[in-house]
Amino acid sequence: MSLAAIESDQAVEFRDVSRSYDGSTGTIHALRDVTLSIGRGEIVAVTGPSGSGKTTLLNLMIGLDRPTAGEVITLGRSLNALRERQLTAFRAGSVGLVFQDPHLLPGLTALENVVVARLPWRSRRELVTEARALLVAVGLDARMDFPPAKLSGGERQRVGVARALLGSPPLLLADEPTGNLDDETTQDLVALLRELQERFSLTLVLATHDQTVSGAADRIVHLVGGTVRDGSDHEVAAMGSPSAGDVL
Ligand SMILES: Nc1ncnc2c1ncn2[C@@H]1O[C@H](COP(=O)(O)OP(=O)(O)OP(=O)(O)O)[C@@H](O)[C@H]1O
Ligand SMILES: [Mg+2]
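Residues numbered from 1 in each chain as written. Chains lettered and ligands numbered in written order. Predicted model: local features only at pLDDT ≥ 70, side-chain atom pairs only at ≥ 80, totals over all residues. Heavy atoms only, no water.

Caption draft 1: Quick look at the site of ligand 1. Taken together, Tyr 21, Ile 28, Ala 30, Pro 49, Ser 50, Gly 51, Ser 52, Gly 53, Lys 54, Thr 55, Thr 56 and His 209 make up all the residues around ligand 1. Here Ser 50 contributes a side-chain N or O atom positioned 2.5 Å from an oxygen atom of ligand 1. Contact between ligand 1 and Lys 54: an oxygen atom at 2.7 Å from a side-chain N or O atom of the residue. If ligand 1 stood free it would expose 640 Å²; the protein chains cover 60% of that surface. Of all the elements in the fold, those that place two or more residues in the shell around ligand 1 are strand S2 (26–39) and helix H1 (54–61). Here the shell around ligand 1 takes 3 residues from H1, the largest share from any one element. Residue composition of the shell around ligand 1, grouped by class: 4 nonpolar, 7 polar and 1 charged. (Near = heavy atom within 4 Å. Polar contact = N/O pair within 3.5 Å; in protein donor to acceptor, adjacent residues only side chain to side chain. Areas by Shrake-Rupley, 256 points an atom, 1.4 Å probe, with all protein chains shown as cover. Helix = DSSP H or I, 4+ residues; strand = E, 2+ residues; numbered from the N terminus. Nonpolar A, V, L, I, M, F, W, Y, C, P; charged D, E, K, R; others polar.)

The structure is reproduced here in structure tokens:
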């Protein structure tokens, strides 16, 4: 099986995707019959109560998890058909990941934390040059040699964003990227993500409980109990910000 891409102008397509888990107390349906498309260059927020399936959806998008039914096509590749090793290679070259906590290595500088990420086939020298440029892009020109302990939470998260963008992946997924940040830092990070999305033509998918984050998206996919809520999958501008009751 090769990594050859199939024709698709979508960044992500879910076709009737379900993911369930068999437990001692019965079957848990983390996602049920999800069909959706995310266009290249779109910013999509995935919202919904805790346990509604947001992280499961993101994991399935990049083959960190496999569906129990249905098909996932990401960047023109049908992930069902790929073996683990191929999925690992696919993610390394095409996907950036940002988490709630960037888990920076304490003994390394900001710059080293970006370089250490992945891409073992590239020269360190080349990676360092790229990492420096990315740290400038996230506004950390003056902090490159700082260890994580001397960075603020917002700065640490920016290092995490720079690390995710090493190697120019076209798809950036962020799972609760502002979960540890205060309101002002959240706004700054959201502005930065929008700027980077435009600059690098990224497809950006953000799982979030935060209305500042979802309000900055082009579109909201709202999950309830593992299904996409009817009518949620459309443009933010058309529906306005979700009400407080929507985002638990
Ligand atoms: N490995 C697993 N085994 C069993 N159940 C799981 C597993 N992973 C997730 N689930 C269940 O699937 C459902 C969806 O979980 P998921 O982590 O996707 O929710 P979420 O929307 O990301 O929640 P949160 O907002 O708390 O991060 C939950 O009921 C969860 O308990
Ligand atoms: Mg989650």
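Here the narrative resumes.
Caption draft 2: Local environment of the environment of Ala 216. In this fold, Ala 216 is placed in the loop between helix H7 (211–214) and strand S9 (219–224). Judged by relative accessible area, which is 12%, Ala 216 ranks as buried. Apart from residues lying up to four places away in sequence, Ala 216 is in contact with Ile 43, Val 190 and Arg 194. (Buried < 20%, exposed > 50% of the residue type's maximum accessible area, 1.4 Å probe, protein only. Contact = heavy atoms within 4.5 Å.)

Caption draft 3: View of the nonpolar core. Counting residues in hydrophobic clusters, the biggest one holds 40 residues, and the most contacted among them are Leu 135, Val 138, Val 159, Val 161, Leu 172 and Leu 196. Elements with a contribution of two residues or more to this core: strand S3 (43–47), helix H3 (110–115), helix H4 (124–137), helix H5 (153–165), strand S7 (171–175), helix H6 (183–199) and strand S8 (203–207). Looking at this core element by element, the count peaks at 6 residues for H4. Once residues lying within four places of it in the same chain are set aside, the contact partners of Val 159 are Leu 104, Ala 110, Asn 113, Val 114, Leu 135, Leu 140 and Leu 151. (Core = buried A, V, L, I, M, F, W, Y, C linked by side-chain atoms within 4.5 Å.)

Caption draft 4: Region of the structure containing the confidence of the model for the protein. Summary statistics for the protein give a mean pLDDT of 90 and a share of 89% for residues scoring 70 or more. Within the model, pLDDT remains below 50 along residues 237–248, and this stretch shows 15 contacts once partners closer than five positions in the same chain are excluded. (pLDDT = per-residue confidence, 0-100.)

Caption draft 5: Spotlight on the side chain of Glu 42. Looking at the element boundaries, Glu 42 is found in the loop between S2 and S3. Using a relative accessible area of 17% as the deciding quantity, one classes Glu 42 as buried. Side-chain polar atoms of Glu 42 contact the side chain of Arg 219, separated by 2.7 Å. Not counting residues up to four positions away in its chain, the partners in contact with Glu 42 are Ser 37, Leu 202, Thr 203, Leu 204, Asp 218 and Arg 219.

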